[in-house]
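# Observations on the model geometry
Here is how the chains run, residue by residue.
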Amino acid sequence: KELPHEKACLEQADGLVAHSLEPNVAYRMYQTQQKPPNLFFPLYCDNDHFCEPGPGSKNGEIHIVYAGGVAGSHRNPKQYGSIMFQPLIHTLSAQGIHFHIYPSPSNVRADYEEYEVTAKENPYFHFHAPVAQHELALEMSKYDWGILPFFAGQNEQSEAKYKYATTLKLFNFMEAGLPVIVSKDIIYQSWILDRYGCGVLIDGTHIKSLRDKITPDKRSAAVKNLLKARQTLSLGQNTGRLLAFYDQMLAQKPFRRNP
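Residues numbered from 1 in each chain as written. Predicted model: local features only at pLDDT ≥ 70, side-chain atom pairs only at ≥ 80, totals over all residues. Heavy atoms only, no water.

Time to look at the side chain of Thr118. Within the secondary structure, Thr118 sits in helix 5 (residues 109–121). Not counting residues within four places of it along the chain, the set of residues in contact with Thr118 comprises Gln86, Ile89 and Phe125. (Helix = DSSP H or I, 4+ residues; strand = E, 2+ residues; numbered from the N terminus. Contact = heavy atoms within 4.5 Å.)

With that out of the way, let us pick up the sheet that holds strand 8 (residues 199–202). Hydrogen bonds between backbone atoms are what pair the strands of a sheet, whose relative direction is either parallel or antiparallel. Strand order in the open sheet formed by six strands is 5-4-3-6-7-8, and the pairing between neighbours is parallel. Each end of this open sheet is capped by a strand with a single partner; those strands are strand 5 (125–127) and strand 8. Between one strand and the next, the sheet's axes are offset by a mean angle of 25°, whatever the strand orientation. Relative to strand 5, strand 4 (residues 98–103) runs parallel, the two being bridged by three bridges. The partner of Ile101 across the bridge, within strand 5, is Phe127. (Pairing = 2+ DSSP bridges. Axes fitted to C-alpha atoms, helices over the stretch in contact; angles between N-to-C directions.)

Next up on the list: the packing of helix 6 (residues 133–140) against helix 8 (residues 168–175). Interhelical geometry of helix 6 versus helix 8 gives an angle of 55° and a closest axis separation of 8 Å. On the basis of the axis angle, helix 6 is oblique to helix 8. The handedness of the crossing between helix 6 and helix 8 comes out as right-handed. Between helix 6, through Gln133, Leu136, Ala137 and Met140, and helix 8, the contact on the second element is made entirely by Leu168, Asn172, Phe173 and Glu175. Within the contact of helix 6 with helix 8, the residues separate by chemical class into five nonpolar, two polar and one charged. (Parallel < 35°, antiparallel > 145°, perpendicular 65-115°, else oblique. Left-handed = near helix turned anticlockwise from the far one by under 90°. Nonpolar A, V, L, I, M, F, W, Y, C, P; charged D, E, K, R; others polar.)

Next comes the structure, spelled out in structure tokens:
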């Protein structure tokens, strides 16, 4: 029902600021002949939330953290399969890896009750209360790795979504000083991490042997790269581009107003 409104916005806007590359797909889908001036302005790291990375866990323990939406096993996997985490919990626990989840504050209780039960029964799984966005980076900074475990085939999400979409989670991890374990299937986000050397790229088959891929040496190298990269990928470094784009729009013509 929202598609006609999206089509109108994309065609009639004086300018478009996009935090992902998905509008390019939409323009092709709507067969838009004339595109407005546009600025690709990804989600960036918030300099005000930068944290010093933790020292890393001792005694061979590994603590991985995820923050975001979760879904219970009662949900339809065709829609929610990528955030139904019971299989991932089982696989990580079998390797002696601690897995921490901070659910989105917007999650409904019916979706995380079973995770609370699992956390009481499984010493390697930890389900935490939701944390406000401005406190999230500091809370996550005490762990070893962040994770974006979204693999193709987990649901019926479109190919374009996996290819072009971005999530704020990626930048929250960087704010926290956390290197990231990321699925190769989320192509744009894995490209960012690969380009800057800030994490480890995996596919679905690597989960069962993940411990071998996230050694202390790899973490140390990724953290070193991350501290440089998050400055480049920060709001402080890039906000000027956004302001210049607004100035460009204002110089061309006044904003349209609906009658």
